[in-house]
Each structure stands twice: as structure tokens, then as C-alpha cells.
Amino acid sequence: MLSTNKTYRAPPNSGEVILGRTLLSLLDEACDRFPNPSAFNQFTDKGWEPLSNHELHTAAAELALGLLDLELEKGDCIALLMHSDVKFCIADMGSLLAGLVNVPIDLTQTIEHIIFILQHTEAKALIISNLELLSQILPYLENTTHLQTIIVADVPDDWHQQHKIGMKVFSLDEIRSQGRDKNSEVRVEALKAKIIADDLATIIYIPGITGEPQGVMLTHENLSANALAMFTGIPDLKFGSQEVILSFLPLTHVLARVFVYGHINYGHSIYFSNANKVLKHLKEVKPTIFATVPLLLEKVYAKLIDVGDKHPKPSKKVKENLPHQRVTILPFRFPTASEAKTALSNLREATLKLSTTGRNLKTHLLSSRNAISTRQLYLPISQSMMKWAVKLAHKYELGKKLQHHDALMLKVADSFVFSQWRAVFGRNIKYLLSGGAALKPEIVNLFAVAGMKILQGYGLTETSSAVSCNRSQFNRAGTVGVPIAGVEVAIAEDGEILTKSPYNTQGYYNNSTATQQLIDVQGWLHTGDLGEFTPDGFLKISGLKKSRFKLSTGKYVTPQPIESKLEKSPLIAHAVTVGADCKFCSMLIFPDLENLHQQAIAIGIDVSDEELLQHPCIIALYQALVDEANCHLPHWSNVKRFHLINFNLNVENGMLTSTQEVNRVKILEVFAQEINAMYEEKRAVKAGNVTIEQINELCPANQTFSCPTFAQSLNS
């Protein structure tokens with residue numbers, strides 16, 4: 001039941017609801033209205049390789065006709081195990097034009113999950129990025145009973161077809177070549193005529209509660225309408241090559257994919273990068289819009305704050321070798337005589353003191369002049385200068401006006417410090433789009449004051465990406481904005497966020513039980529997240545009702561599989577996975593002390609409870625259990641750290657529910673200190689005075705466990 005009868009919708013003039021569009025029509029419209037010779041740009045060893053939106057349109061048509069020549073029919077599933085690049089876009093649009101349902105598979109999935117997805121969707125074809133990836137899954141493809149054809153996107157000139165498992169293997173160019181011979185405007189238009197907005201476009205798999213992935217079904221309209229609702233909500237968003245995009249997020253995830261659909265429709269210039277090169281490419285490409293996850297912004301923020309610490313103490317002997325930055329002081333006009341009584345008049349004889357090479361730099365503002373001319377100074381950004389600027393920036397809050405004096409000082413800070421921050425992102429950034437997990441409000445405010453607006457949003461794969469987002473004047477740090485056009489949001493009695501919209505999934509593929517749990521009889525989609533609205537209508541995420549959570553990388557984690565594995569051990573009473581909005585998973589382990597003492601005594605350890613849980617051999621014992629439980633999970637959902645806690649979870653102390661389930665909200669609250677300790681960057685892994693590295697010398701040998709290859713993530 002709803003907590004109130006109130007539902008929240010998008011504010012007026014903050015986006016449009018545009019229904020009835022196929023994803024193919026987004027590209028068609030861009031080719032007609034915003035032809036762009038460098039709409040798609042792929043980084044290669046020779047530099048950036050551009051592709052116009054017309055060329056991608058042609059490539060998609062060739063692929064579609066070539067796929068249909070393989071006896072694939074409308075509605076068949078085709079899997080995409082690909083890197084997030086231009087060829088993914090060709091495969092995506094080409095398969096959709098052929099009337100197929102494409103199934104993008106995350107490259108970090110375990111091989112057994114990949115095989116499960118191929119089997120579950122009965123995929124008849126697979127497009128894979130290269131032969132190296134194919135070699136990793138090839139030994140297991142004999143378990144895919146419906147797969148008939150493999151298409152490899154990138155192959156060397158001397159490659160040879162492989163028929164080891166009775167399947168046809170082609171290169172992407174070969175399939176396009178077959179389609180090229182049949183390509184004509186009449187045939188392409190005939191294909192488009194068979195596709196409607198309500199057709200299933202894609203199935204995106206996310207972690208399921210049981211450990212098996214579950215497929216989210218999304219139509220053409222779900223995805224196209226969500227993208228257009230977001231983009232029309234940004235009032236100063238330009239068309240064509242005026243907007244430059246750097247894309248590095250995985251297109252196998254709905255967030256990046258919907259963004260790309262929007263950019264395609266607007267005719268923007270998209271440059272495809274990856275996590276290893278993104279910081280380098282930011283400076284090269286100089287994007288105006290950059291979509292990311294909180295983890296990258298947190299890393300950049302920490303690095304920028306740390307800049308001052310990295311400068312060595314100045315020495316007269318090496319003064320000439322100090323790193324200098326060019327800082328421009330812009331022309332500034334001081335108040336006239338009539339304004340002498342104002343606070344600013346005190347600045348006529350001001351001295352700006354900035355710690356640089358160990359001395360104070362004094363810039364005398366001559367009282368005989370009302371204006372100061374532009375000048376160039378060469379200064380290192382010192383620690384004290386950085387701290388001064390950051391302290392000043394902390395006074396800023398999105399949506400609130402600064403006092404006049406603070407606003408003036410921020411202009412000075414911008415010249416010396418914040419301009420250098422913008423340089424990290426190429427200096428042209430208009431918007432940083434952040435999604436996938438929560439971002440700290442102080443980071444949002446600091447980036448905003450530095451001239452880089454972060455538009456943070458909230459959504460699920462099941463909602464085709466965005467439910468709400470910050471935009472235009474509707475932007476507040478610490479919130480996920482207001483609903484996008486077409487979305488209704490309500491808060492249930494228990495605080496759960498519920499939503500209705502034309503962007504919501506039809507349900508989970510071949511899983512009616514899970515679908516009924518997701519969408520109630522009134523049509524409300526239950527997000528599993530807890531939230532509330534501020535008095536001015538901004539949505540804030542306050543916690544989790546569901547056990548599944550997201551890391552700051554944007555990756556979903558489902559705790560039950562690893563917890564249930566560990567709780568089968570007689571040494572563990574309860575195990576609770578944590579890590580929401582963090583960069584990796586950790587775990588609180590509540591040992592069964594009676595059984596643990598028995599095993600400890602058997603190996604010659606007879607100590608108190610407190611000493612037992614700190615003993616290196618006991619830590620090694622639990623590490624072995626965690627390592628075994630991590631097997632069969634993608635590497636990003638592995639538990640990296642754990643903490644042993646002597647505490648009895650029960651109904652009486654509120655740690656367990658009446659159904660004996662773990663009360664995660666209560667545990668996160670009570671053991672916040674222990675959880676935070678696991679995420680300290682300089683955390684030493686020690687037990688007493690003995691390091692983990694010495695355990696092999698001191699402890700009886702634990703049974704070793706080797707995780708089989710098929711249960712591990714791909715090496716992509």
C-alpha cells in the first residue's frame with residue numbers, strides 16, 4: 001500500500017513523453033536532420049577512426065540482410081558478447097533491423113552464466129568481439145543446443161574458419177558482404193515496416209536472487225521513449241556535432257545504451273573509449289557531455305584534493321624545477337567612489353596571499369585604478385591554495401545563492417584552482433551524467449562550483465534506465481532529482497519506491513513468478529529501494545528493502561548466493577554481504593563460536609573468544625571458506641574483505657526478522673564502524689602481531705580450493 005495518496009511527476013517543461021518510436025527511427029531521424037560525418041568514432045592504434053551516421057545506417061542494413069540470409073527469423077534471439085565500441089552499435093542496430101531480439105552479455109560474467117544465458121534465450125546466433133574471447137568459451141559451447149552461428153567482429157587477415165563444434169563461424173565483414181549484395185532501399189524499408197514500437201528489442205540479464213541471471217525484457221518503445229524523455233529534459237542540449245560525447249561505460253548495461261540511443265537521435269559526435277584510456281581520452285576529445293559512474297568521479301576528486309600533498313617542499317637550489325601552472329587573473333572592476341561604503345571597497349588596497357614557493361605572493365591592487373588589467377602568472381597549485389579553494393567551495397550548495405563576498409572569492413579560486421580541475425575533463429564539459437549508484441553530495445557541490453554540473457539520476461534496468469534525474473534548475477546535491485517526463489513515483493507504507501511509466505519492463509523473460517513479485521496488480525513496479533521526497537519534490541534514496549545492491553562501479557550484487565554457501569559451514573552462524581555504493585564487496589561474518597572452538601582446539605588453539613577471532617590461523621580458515629564461496633561469481637561480486645564479529649543475531653535484538661531473515665538495515669546501522677573500517681584505503685591486514693603472509697609458517701595447512709575455469713569471469 002502507498003504511504004500517501006500522493007504521486008510525484010515531472011515538473012512542467014522538464015521533458016517530453018514521445019511514444020510510438022522504434023529504436024531504428026532514432027537513427028533514421030538523425031540521418032535526415034543532423035547528418036554528421038564523425039557521429040561515431042573508434043580509437044585504434046592509428047588514432048580515431050570516424051564513421052558518419054549515414055555509414056552506420058548502411059552498415060546496419062547490410063548486417064540485417066546478411067543475418068536474415070542465415071535463416072534467422074523475426075523474434076529469434078541473437079547474443080552480443082562484445083566490447084562497447086562502434087561495432088557493438090552496428091550489431092545492435094543491424095540485429096534490431098532484422099527483427100531479432102538481441103541479448104547483450106556482460107563481458108565480466110562467468111563462463112557458466114554466459115552459457116546459461118545462451119541456453120535460456122535459445123539464442124540461434126552469437127556475435128563476439130574477437131577470436132580470443134571465442135577461444136575462452138569455445139570448449140563449453142557444445143552445451144548450447146540452439147546456437148547455430150557465430151560471428152566474429154574483429155579477425156586477422158589470415159584467420160581461418162573453425163568448425164570444431166559443428167557450428168558455422170563467420171567474420172562480421174563476411175555477413176555484411178552477403179547483405180551488401182542484397183541491399184536496396186526497398187528491402188530496408190520493408191524490414192522497417194515489420195517492426196513496431198511494442199516489439200521486444202532486447203533482453204538484458206541482471207543477477208537473480210538465486211544466483212542465476214534473470215532477463216529483463218525491454219521493447220523498442222521502452223528504450224526510445226526513456227532516452228527522449230531524458231534528453232528533452234535538458235533545455236540547452238544542442239543537436240549535431242555541437243555536442244561531443246566520450247563513452248566508456250559498458251553498452252551491455254542499460255544506462256550507457258540508453259544514453260547512446262539519445263546521442264544517436266540528436267546527431268552528436270560519440271567517441272568510444274574504455275576504462276583504461278578514459279582519462280587520457282578526456283583531454284584529447286574534450287567532450288561536452290560525459291556519462292560515468294560515481295567511482296570514477298570519486299577517484300578524480302580524491303586525486304585532485306591530493307594534488308597539494310604531492311608537491312615537494314621548495315628549495316632555493318631547485319626552485320627553477322618546480323612544476324608551474326599558468327593561471328589567468330581575469331579583468332576585475334572594483335567599486336567606484338560612490339560605492340565606498342560597501343564591503344568590497346575594502347579590497348582597493350587588498351593583498352592576495354597565496355602559498356607558492358615558500359613565500360607570499362603579493363598582488364597589489366592599486367587604489368588609483370578602478371580596474372585591474374589581465375595578467376599571466378606562473379604558479380604551482382600548492383597544498384594550502386588547494387585547501388583554501390576547497391574550504392571556500394564547501395560553502396556552496398546547489399540551488400542556493402552564495403553571499404556576494406564568497407562569490408567573489410570563488411572567482412579567484414576558479415582562476416587558480418578550479419580551471420585546473422576542468423582541465424582533467426578537457427575544459428569543455430557542460431554536464432557530467434552520473435548514475436548506477438549514489439554519489440556523495442560534497443562531490444556534486446564541489447564539481448558544480450568548479451563549473452562542471454553533475455546530473456545524478458536514479459533508475460533500474462527494469463525501468464529502461466531513468467526514473468528520475470537532476471536537470472536544469474531542478475538540481476540538488478544528495479538527491480536523484482525529480483521524475484522524468486512520463487514517470488509516476490509513489491512511496492509505499494514501508495518506504496519502498498514504486499513507479500509507473502511507459503518505460504517499465506514487461507517482466508522477466510520466462511520467469512512469471514519473479515515478474516509478479518516485481519509488478520503488482522495495480523501496475524506499480526516495486527524497485528526494492530527505500531526513499532523519500534524532499535519538501536520541494538526531489539527524490540532521495542534512503543536505503544534498501546531488497547537485498548540486491550549496486551557498487552559504485554554501477555554493478556549489481558546479489559548477496560544471497562554467497563551468503564547461503566557460507567552459512568552451510570558449521571563455523572558460520574550468519575554472513576551478511578555489504579558494499580552498497582562502495583567499489584567492492586565486503587562481508588560481516590558472525591561465527592558459530594561453539595563449533596569454532598572445537599575445531600580450534602583440534603589444531604592446538606585454545607584461547608578466549610576475542611583472541612580466537614583475531615588469531616591468524618582462524619582468519620586464514622575463514623579466508624579459505626570465503627574463497628570457495630566466491631567461486632561461480634563474477635569477479636566484481638567477490639567478497640574482497642571480511643570482519644569476524646562475536647555477536648548473536650536474533651529476533652529479540654532486532655537483527656533477525658520474525659521469519660528469521662537478516663535485518664540488513666539494522667545490521668548496517670549497528671555495525672557501521674566495522675563496515676567503514678573494511679573500506680579504509682590503508683587498512684593493514686593483520687591478526688595481532690602476525691601478518692597474513694606468515695600464516696603458512698604458523699598454521700596447519702588448510703584444504704586448498706581451486707575454482708574451475710568455467711566458474712570464473714572471462715578474461716576480456
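Scroll up for the structure.
Residues numbered from 1 in each chain as written. Predicted model: local features only at pLDDT ≥ 70, side-chain atom pairs only at ≥ 80, totals over all residues. Heavy atoms only, no water.

1. With respect to the overall build of the protein chain
Note the cut-off: Numbering of helices and strands starts at the N terminus; helices are DSSP runs of H or I of at least 4 residues and strands are runs of E of at least 2. Relative accessibility decides the category of a residue: with a 1.4 Å probe and only protein chains considered, values under 20% of the type maximum give buried, values over 50% give exposed, and everything between is partly exposed. A contact between two residues is defined here by any heavy atoms of the two lying within 4.5 Å. Areas reported as accessible are Shrake-Rupley estimates using a 1.4 Å probe. Residue values count occlusion only from the protein chains shown.
For the protein chain, the helix and strand inventory stands at 22 helices and 34 strands. Taken over 716 residues, the protein chain has a buried fraction of 54%. Considering only contacts in the protein chain between residues 6 or more positions apart, those separated by 24 or more positions represent 69%. Taken as a whole, the protein chain presents about 33200 Å² of accessible surface, with 50% of it coming from carbon and sulfur.

2. Some words on the side chain of T461
With respect to the helices, strands and loops of the structure, T461 is situated in the loop between strand 20 (453-460) and strand 21 (465-469). By relative accessible area, T461 is classed as buried at 7%. Beyond its immediate chain neighbours, meaning those up to four positions away, T461 contacts I204, I206, V216, L218, V254 and Y556.

3. Regarding the nonpolar core
It is characteristic of soluble globular proteins that their nonpolar side chains tend to be buried jointly. The following threshold applies: Residues belong to one nonpolar core when they are buried, are Ala, Val, Leu, Ile, Met, Phe, Trp, Tyr or Cys, and are joined through side-chain atoms within 4.5 Å.
Core analysis: the largest hydrophobic core is formed by 139 residues, its most contacted members being F290, F418, W421, F425 and F447. Broken down by element, this core gets its largest block of residues, 10 residues, from helix 13 (residues 404-424). Look past the residues within four positions of F418 in its chain and what remains in contact with it is A389, A393, L410, A413, V449 and A450. Of all hydrophobic cores here, the second largest spans 31 residues; its members include I105, I115, M217 and L714.

4. Concerning the sheet that holds strand 21
The following threshold applies: In short, DSSP must find at least two bridges between two strands for them to pair.
In spatial order, the strands read 2-1-11-10-12-19-20-21-22; together these 9 strands make up an open sheet with mixed pairing. Looking at strand neighbours, the two that pair on one side only are strand 2 (47-51) and strand 22 (482-483), the edges of this open sheet. Pairing of strand 1 (residues 40-44) with strand 2, which is carried by 5 bridges, proceeds in the antiparallel orientation. Looking at strand 2, one finds that T44 is bridged to G47.

5. Overview of the state of the cysteines
Formally: When two cysteine sulfur atoms are found within 2.5 Å, that pair is recorded as a disulfide.
Applying the stated rule across the entire model yields 1 disulfide. In this model, C631 is linked to C707 through a disulfide, with the two sulfur atoms separated by 2.1 Å. Classification of the bridge connecting C631 and C707 rests on its S-S torsion, roughly 80 degrees, and on that basis the disulfide is right-handed. A residue pair is termed long-range when its members are at least 10 positions apart, and C631 in the loop between helix 19 (616-630) and strand 32 (639-644) and C707 in the segment after helix 22 (695-698) qualify at 76 residues.

6. Looking at the packing of helix 8 (residues 220-232) against helix 9 (residues 254-266)
Short version of the rule: Every axis in this analysis is a line fitted to C-alpha atoms, fitted for helices over the stretch in contact. Angles between the N-to-C directions lie between 0 and 180 degrees. Geometric relationships in this document are graded by angle, where less than 35 degrees denotes roughly parallel, more than 145 denotes roughly antiparallel, 65 to 115 denotes roughly perpendicular, and other angles denote oblique. It is the rotation of the near helix from the far one that decides the hand of a crossing: anticlockwise by less than a right angle makes it left-handed, clockwise makes it right-handed. We call Asp, Glu, Lys and Arg charged. Ala, Val, Leu, Ile, Met, Phe, Trp, Tyr, Cys and Pro are nonpolar, and the rest, Gly among them, are polar.
Close contact between helix 8 and helix 9 brings their axes to 9 Å; oriented N to C, the two are set at 70 degrees. In terms of orientation, helix 8 lies roughly perpendicular with respect to helix 9. In this structure, helix 8 crosses over helix 9, and the sense of that crossing is right-handed. Side by side, helix 8 and helix 9 meet where L223, N226, A227, L228, M230, F231 and T232 of the first sit next to V254, V258, F259, Y261, G262, H263, N265 and Y266 of the second. Its residues assigned to classes, the contact of helix 8 with helix 9 shows 10 nonpolar, 5 polar and no charged.

7. Side note on the sheet that holds strand 24 (residues 496-500)
Read across the open sheet, the 4 strands follow the order 23-24-26-27; overall the sheet is antiparallel. Looking at strand neighbours, the two that pair on one side only are strand 23 (488-491) and strand 27 (539-544), the edges of this open sheet. This sheet shows a mean twist of 50 degrees between the axes of neighbouring strands, independent of strand direction. Note that strand 23 and strand 24 share 4 bridges and pair antiparallel.

8. Thoughts on unusual backbone geometry
Glycine aside, residues mostly have negative phi, and peptide bonds are mostly found in the trans state. With a phi angle near 60 degrees, S464 is a residue other than glycine that sits in the positive phi range. Mapped onto the elements of the fold, S464 is located in the loop between strand 20 and strand 21. Non-glycine residue H632 carries a positive phi angle of around 80 degrees.

9. Section: the side chain of N445
Checked against the element boundaries, N445 lands in helix 14 (residues 441-449). Each residue touching N445, except ones within four places of it in the same chain, is listed here: Y396, E397, L398 and A477.

10. Side note on the pairing of strand 24
Most of strand 24 is tucked away: 4 of the 5 residues are buried. Bridge count between strand 24 and strand 26 (residues 525-533): 3 bridges; the pairing is antiparallel. Considered in strand 26, the bridge of L498 is made with H526.

11. Let's talk about the environment of G99
Relative to the helices and strands, G99 resides in the loop between helix 3 (86-97) and strand 4 (101-104). Classification of G99 by relative accessible area gives buried; the value is 13%. Separated by 35 residues in the primary sequence, G99 and A64 have C-alpha atoms spaced 8.4 Å apart. Filtering out sequence-adjacent residues up to four positions away, G99 remains in contact with K74, G75 and I195.

12. Some points on the packing of aromatic side chains
The criterion, for reference: Between 30 and 60 degrees the pair is tilted, below 30 it is stacked and above 60 it is edge-to-face, where a pair is any two Phe, Tyr or Trp rings, Trp via its six-membered ring, whose centres lie within 6.5 Å. Think of it as a cone above the ring: NZ of Lys or CZ of Arg counts as a charge over the ring if it is within 6 Å of the ring centre and within 35 degrees of the ring normal.
Tallied over the entire structure, the rule returns 15 aromatic pairs. Aromatic ring contacts, followed pair by pair, group F248, F290, F418, W421, F425 and F447 into a single cluster. If you follow R33 out to its NZ or CZ, it ends over the ring of F239, 5.8 Å from the centre. The ring centre of Y556 lies 4.8 Å from the NZ or CZ of K550, which sits over that ring.

13. Section: the environment of I105
Along the chain, the position of I105 falls in the loop between strand 4 and helix 4 (111-120). Of the residues examined, I105 reaches a relative accessible area of 0% and is grouped as buried. Each C-alpha atom, one on I105 and one on M82, is 7.6 Å from the other, the two residues being 23 residues apart in sequence. When neighbours within four sequence positions are excluded, I105 is seen to be in contact with A79, L80, L81, I114, I117, L118 and T252.

14. Re helix 14
Summarising burial for helix 14: 7 of the 9 residues are buried, a large majority. Considered for burial, the residues of helix 14 that qualify are I443, V444, N445, L446, F447, A448 and V449. Looking at the residues trailing helix 14, positive phi occurs at G451, about 90 degrees.

15. Some details on the environment of L97
With respect to the element layout, L97 can be found in helix 3. On the basis of relative accessibility, which here comes to 5%, the residue L97 falls in the buried class. Note: C-alpha distance between L97 and A193 (96 residues apart in sequence) is 9.8 Å. Setting aside residues no more than four positions away along its own chain, L97 makes contact with L24, A60, A61, A64, V188, L191, K192 and I195.

16. Some remarks on helix 2 (residues 53-68)
How we decide: Residue count minus one, scaled by 1.5 Å, sets the expected span of a helix.
Taking 1.5 Å of rise per residue, the 16 residues of helix 2 would be expected to cover 22 Å, and the 23 Å separating its terminal C-alpha atoms lies within 8% of that figure. Inspection of helix 2 places N53, L56, A59, A60, A61, E62, L63, A64, L65, G66 and L67 among the buried residues, and these make up the whole buried set.

17. Structural notes on the pattern of salt bridges
This is how the line gets drawn: When a carboxyl oxygen of Asp or Glu is within 4 Å of a side-chain nitrogen of Lys or Arg, the pair counts as a salt bridge.
Scanning all chains against the criterion turns up 23 salt bridges. Notably, a salt bridge pairs K124 with D76, separated by 3.5 Å at the nearest N-O pair. Taken together, the positions of K124 in the loop between helix 4 and strand 5 (125-130) and D76 in the loop between helix 2 and strand 3 (77-81) put the pair 48 residues apart, joining distant regions of the chain. Judged by relative accessible area, which is 26%, K124 ranks as partly exposed. Judged by its relative accessible area of 13%, D76 falls in the buried class. Within this structure, R21, E29 and R33 form a network of salt bridges that share partners.

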